[in-house]
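A closer look at the structure
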Amino acid sequence: QSPLRRKRTGAIDLSATPFYLANSGYPEGSPFPWLVSDFGLVDAIESGIVKVPRLPVKDDIGAKDDAGRPDPKYFRLWAHIKESLNPNSDYVAKRPKPTALYEHAQGALLTLTAQWKERFDKLRNESSDPDPIPPVMIIVCDSTDLSQVIFENISGEKEEEVLGEDGKIVKKKIFHGSQINFPDLANSEGVQHTFRIDSKLLAKIETDGEVTKDEAANELRELIASVGKRGGKGEQVRCVVSVSMLTEGWDASNVTHV
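The rules behind the values
- Residues numbered from 1 in each chain as written.
- Predicted model: local features only at pLDDT ≥ 70, side-chain atom pairs only at ≥ 80, totals over all residues.
- Heavy atoms only, no water.
- Salt bridge = Lys/Arg side-chain N within 4 Å of Asp/Glu carboxyl O.
- Helix = DSSP H or I, 4+ residues; strand = E, 2+ residues; numbered from the N terminus.
- Buried < 20%, exposed > 50% of the residue type's maximum accessible area, 1.4 Å probe, protein only.
- Core = buried A, V, L, I, M, F, W, Y, C linked by side-chain atoms within 4.5 Å.
- Polar contact = N/O pair within 3.5 Å; in protein donor to acceptor, adjacent residues only side chain to side chain.
- Axes fitted to C-alpha atoms, helices over the stretch in contact; angles between N-to-C directions.
- Parallel < 35°, antiparallel > 145°, perpendicular 65-115°, else oblique.
- Left-handed = near helix turned anticlockwise from the far one by under 90°.
- Contact = heavy atoms within 4.5 Å.
- Pairing = 2+ DSSP bridges.

Per the stated rule, a full pass over the model turns up seven salt bridges. A salt bridge links K117 to D121; the shortest N-O distance between them is 3.1 Å. Of this pair, K117 and D121 are both found in helix α4 (residues 98-126), four residues apart, which corresponds to roughly one turn of the helix. Looking at K117, the relative accessible area reads 24%, which means it is partly exposed. Salt-bridge contacts for E157 lead to K173; the nearest nitrogen and oxygen are separated by 3.6 Å. Here the residue E157 occupies a position in strand β4 (residues 157-163), and K173 occupies one in strand β5 (residues 169-175), the gap between them amounting to 16 residues.

Rendered as structure tokens:
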């Protein structure tokens, strides 16, 4: 053993989830017995390390929950969407259609995007930098099919089959402009303001030339890691559409809307 290894007498483990999860064999949510110190989310917010969350607290519907408290639609968005789905036309094999989910979530998406646009314009108007680091909005989806629908509507980017020069059908990226009428989030040839990251996309990445799929996947991960960082590939990213891939260990300080 090296002298350094012989002198090592302990290790410090840091975790964002210092408690037992479901199906672990222990009571769900109970803390690990070896915890020395716990710095909770509320402490982090009060210390200024974590942004203060803003949540919907009212709307013009005036709905109440079972306890008679105000129950704004966007506060429990997923629950309200499921209640609104048509059991006959909005499901396929007992799963909600991605297009139906998008239709019911569109109001909340437009509300959030309008607030992001306010922040985006304010930053650009007040900054002396001609191309400042933009605020970033994250859209978290529950499935890869839904993430694709939302990504295509926000970015206007879609892969379509077209007739190639050799007369064969090939897949090509087509840019239609943002379908939610926010051109600042639209992608175009050579410009990527909105990107999607999920397991299905990484598994099916297709590339041209001599670039391998592993290299293409690493390039996408590099884009994620450099969001908000000057000089990085993700410097000017403005929207990220994700499925359970940015839950831990991702640090982008310019994220303003989720």
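This is not the end of the story, as more comes after the structure.
The next point concerns the nonpolar core. One finds I139, I150, I154 and V241 to be the most contacted residues of the largest nonpolar core, which totals 24 residues. When residues of this core are traced back to their parent elements, those giving at least two are α4, β3 (136-140), α5 (144-155) and β7 (239-242). The element contributing the most residues to this core is α4, with eight residues. Formed by 12 residues, the second largest nonpolar core is a distinct cluster that contains I138, I197, V240 and V255.

Attention now moves to unusual backbone geometry. One non-glycine residue, N23, lies in positive phi territory at about 65 degrees. Position of N23 among the secondary structure elements: in the loop between α1 (3-7) and α2 (41-46). Positioned with a positive phi, K94 is a non-glycine residue whose angle comes to about 70 degrees. Along the chain, K94 turns up in the loop between β1 (91-92) and β2 (95-96). A relative accessible area of 81% means that K94 is categorised as exposed.

Turning to the side chain of S226, a few remarks are in order. On the secondary structure map, S226 appears in the loop between α7 (213-225) and β7. Within polar-contact distance, the side chain of S226 engages the backbone oxygen of E222 at 3.0 Å.

A word on the packing of α4 against α5. Relative orientation of the contacting elements α4 and α5 amounts to 50 degrees, with a least axis distance of 10 Å. Relative to α5, the element α4 lies oblique. Crossing of α4 over α5 shows right-handed handedness. Packed against α4, whose contacting residues are P98, L101, Y102 and L109, the element α5 presents D145, L146, V149, I150, N153 and I154 at the interface.

One open sheet accounts for four strands, arranged β6-β7-β3-β8; its pairing is parallel. With one partner strand each, in any of the chains shown, β6 (194-197) and β8 (255-257) form the two edges of the open sheet. Each strand of the sheet is rotated relative to its neighbour by a mean of 35 degrees, with strand direction disregarded. Pairing of β6 with β7, which is carried by four bridges, proceeds in the parallel orientation. The residue bridging I197 from the neighbouring strand is S242, located in β7. Contacts from α4 reach β3 and β8 within the one sheet, and its direction differs from that of β8 by about 135 degrees. Helix-sheet contacts for α5 involve β3, β6 and β7, and the interaxial angle to β6 is about 175 degrees.

We now examine the side chain of D184. Positionally, D184 belongs in the loop between β5 and β6. Side chain to side chain, D184 and K117 meet in a polar contact 2.3 Å long. With sequence-adjacent residues up to four places away left out, D184 is seen in contact with W116, K117, F120, H193 and R238.

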